[in-house]
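Remarks on the overall topology
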Amino acid sequence: MIIVLKPNSQRAQVTELLNWLDASGYEALLVPGDNNASLVSVDPDPKAMDLDLIHTFRIVDRLEDAKMDHIKTTRVHHPEDTVIGFFNTKIGGDNFCVIAGPSSIESKEQLNIIAPAIKQSGAGLLRGSTFQPGESDGEYLGLKEEGIRLLVEAREQFEIPVVTEILSVDHLRYYEDVDLIQVGARSMDNYELLKELGLCGKPILLKRGIHSTINDLLESAEFLMSRGNDQIILCERGVEAFETYTKNTLDLAAVPLLKKTTHLPVIVDPSHGTGLSGLVKPMSMAATAAGADGLMLEVHHKSDIALATGEESINVSAFDNIITAVAMIQPFAYKP
Ligand code: PEP
Ligand code: MN
């Protein structure tokens with residue numbers, strides 16, 4: 001639980017509260033909040049009889065039901081939406097941003113078709129795996145550093161920021177010119193990798209793990225932020241459930257829930273979330289209505305010959321159609 005103190009509380013009174021919490025068996029952590037209103041994170045949650053006593057301290061403004069572990073990600077600590085900027089685009093707050101591109105970077109020719117087309121339709125960032133995780137056995141594993149070189153070349157040529165996934169700390173040196181580093185679903189709880197990314201000074205796109213709870217996702221974000229990186233975008237990309245029609249079960253309830261809980265931008269990836277190109281448009285519309293700050297969509301100029309996950313890729317005209325549909329929904333989207 002978090003105790004929100006009144007703005008400009010006197011130091012002596014704060015110490016009095018902290019001493020009382022300590023003597024009552026609670027671990028208390030004082031953190032600066034916005035508008036000179038400090039926060040006290042209390043662990044474990046105070047017993048009912050202590051809640052009344054806490055309210056008797058005159059510096060206490062209110063109590064919030066947030067976890068100590070989530071002190072950096074919670075809206076209690078940071079009520080304003082975090083906005084992350086790239087050289088010519090933003091995400092978060094009022095900035096809806098669509099990330100689009102192929103599952104895997106395959107060639108210069110491929111990017112020469114896809115990059116200008118998605119930009120023209122309104123995409124804010126170009127995506128594409130280079131160190132590809134291999135979403136199923138025997139799948140294409142990407143062009144690796146050559147793929148990053150092609151992606152960065154497209155960035156310069158078409159003036160669009162780029163995002164690609166990192167699989168290992170050892171590859172970090174290749175990501176210098178990449179605008180946003182993606183941590184994929186299979187790496188969300190690779191804390192060795194997160195440790196370095198927390199220090200790397202670049203924005204991170206953190207995708208929810210296939211078997212991870214919303215709380216696990218927030219804990220990974222908290223871990224990155226506690227190392228000094230406050231430019232984190234969260235991505236709901238579906239979790240494993242018992243359904244077999246779809247590749248994953250897209251948990252759209254995570255969107256309003258995360259938007260209420262955290263100030264970080266939240267995007268949705270309906271391509272991996274369903275694994276079916278025919279579901280990408282309805283799920284993009286639903287994600288937008290649920291309050292997502294953006295989408296990540298796999299777009300390929302010829303999905304039947306895509307080297308990876310063609311079955312979930314849409315073509316450039318379908319992409320354009322989705323952008324138009326979600327733009328109509330945005331004014332009615334849920335806001336916390
Ligand atoms: C991807 O975005 O290319 C990808 C592999 O996604 P995920 O990690 O969500 O499976
Ligand atoms: Mn894919």
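Read on for an overview of the structure. (Residues numbered from 1 in each chain as written. Chains lettered and ligands numbered in written order. Predicted model: local features only at pLDDT ≥ 70, side-chain atom pairs only at ≥ 80, totals over all residues. Heavy atoms only, no water.)

1. Re the overall build of the protein chain
As a reminder, the rule being used: Helix and strand labels come from DSSP, where a helix needs a run of H or I of at least four residues and a strand needs a run of E of at least two; each type is numbered from the N terminus. Only C-alpha atoms enter the radius of gyration; for comparison, a globular chain is expected to reach 2.2 Å times N to the power 0.38, where N is the number of residues. Exposure classes here rest on a 1.4 Å probe applied to the protein chains alone. A residue is buried below 20% of its type maximum, exposed above 50%, and partly exposed in between. In what follows, a contact means two residues having at least one pair of non-hydrogen atoms within 4.5 Å.
In terms of regular secondary structure, the protein chain is built from ten helices and 14 strands. Against the compact-globule benchmark of 20 Å for 336 residues, the protein chain has a radius of gyration of 22 Å, which places it among compact chains. Principal-axis analysis of the C-alpha atoms places the extent of the protein chain at approximately 65 × 40 × 40 Å. Among the 336 residues that make up the protein chain, the fraction classed as buried is 53%. In the protein chain, the share of contacts with a sequence separation of at least 24, taken over all contacts with a separation of at least 6, comes to 70%.

2. Some remarks on the site of ligand 1
Put simply, the test is: To be near a molecule or strand, a residue needs just one of its heavy atoms within 4 Å of it. In the analysis that follows, any N or O atom pair within 3.5 Å is treated as a polar contact, provided that within protein one partner can donate a hydrogen and the other can accept it, and provided that, for residues neighboring in sequence, both atoms belong to side chains. Here the open area of atoms and residues is found with the Shrake-Rupley method and a 1.4 Å probe, where only the protein chains shown may cover a residue. Ten residues, namely Ala, Val, Leu, Ile, Met, Phe, Trp, Tyr, Cys and Pro, are considered nonpolar, four, namely Asp, Glu, Lys and Arg, are considered charged, and the remaining ones, Gly among them, are considered polar.
Neighbouring residues of ligand 1: R127, S129, P133, E135, E165, Q182, G184, A185, R186, K207, R237 and H272. One of the side-chain nitrogen or oxygen atoms of R237 is found 2.6 Å away from an oxygen atom of ligand 1. In the complex, the protein chains occlude 100% of the 290 Å² of accessible area that ligand 1 would expose alone. Among the residues forming the shell around ligand 1, the class breakdown is two nonpolar, four polar and six charged.

3. Remarks on the nonpolar core
Note the following rule: Residues belong to one nonpolar core when they are buried, are Ala, Val, Leu, Ile, Met, Phe, Trp, Tyr or Cys, and are joined through side-chain atoms within 4.5 Å.
Among the nonpolar cores identified, the biggest contains 58 residues, and I118, L126, L206, I232, L234 and F319 are the most heavily contacted of them. In terms of residues, this core owes the most to one element, helix α6 (residues 214–226), which gives seven residues. Membership of the second largest hydrophobic core comes to 14 residues, among which are L17, L18, V42 and F57.

4. Quick look at the side chain of T130
Structurally, T130 is set in the loop between β8 (125–127) and α4 (145–158). Residue T130 is classed as buried on the basis of its relative accessible area, which comes to 0%. Looking at T130, its side chain comes within polar contact range of the side chain of T164, at 2.9 Å. Discounting chain neighbours no more than four positions away, the residues touching T130 are I105, L141, G142, L143, K144, G147, I148, T164, E165 and Y175.

All we've got here are geometric facts, nothing functional implied.
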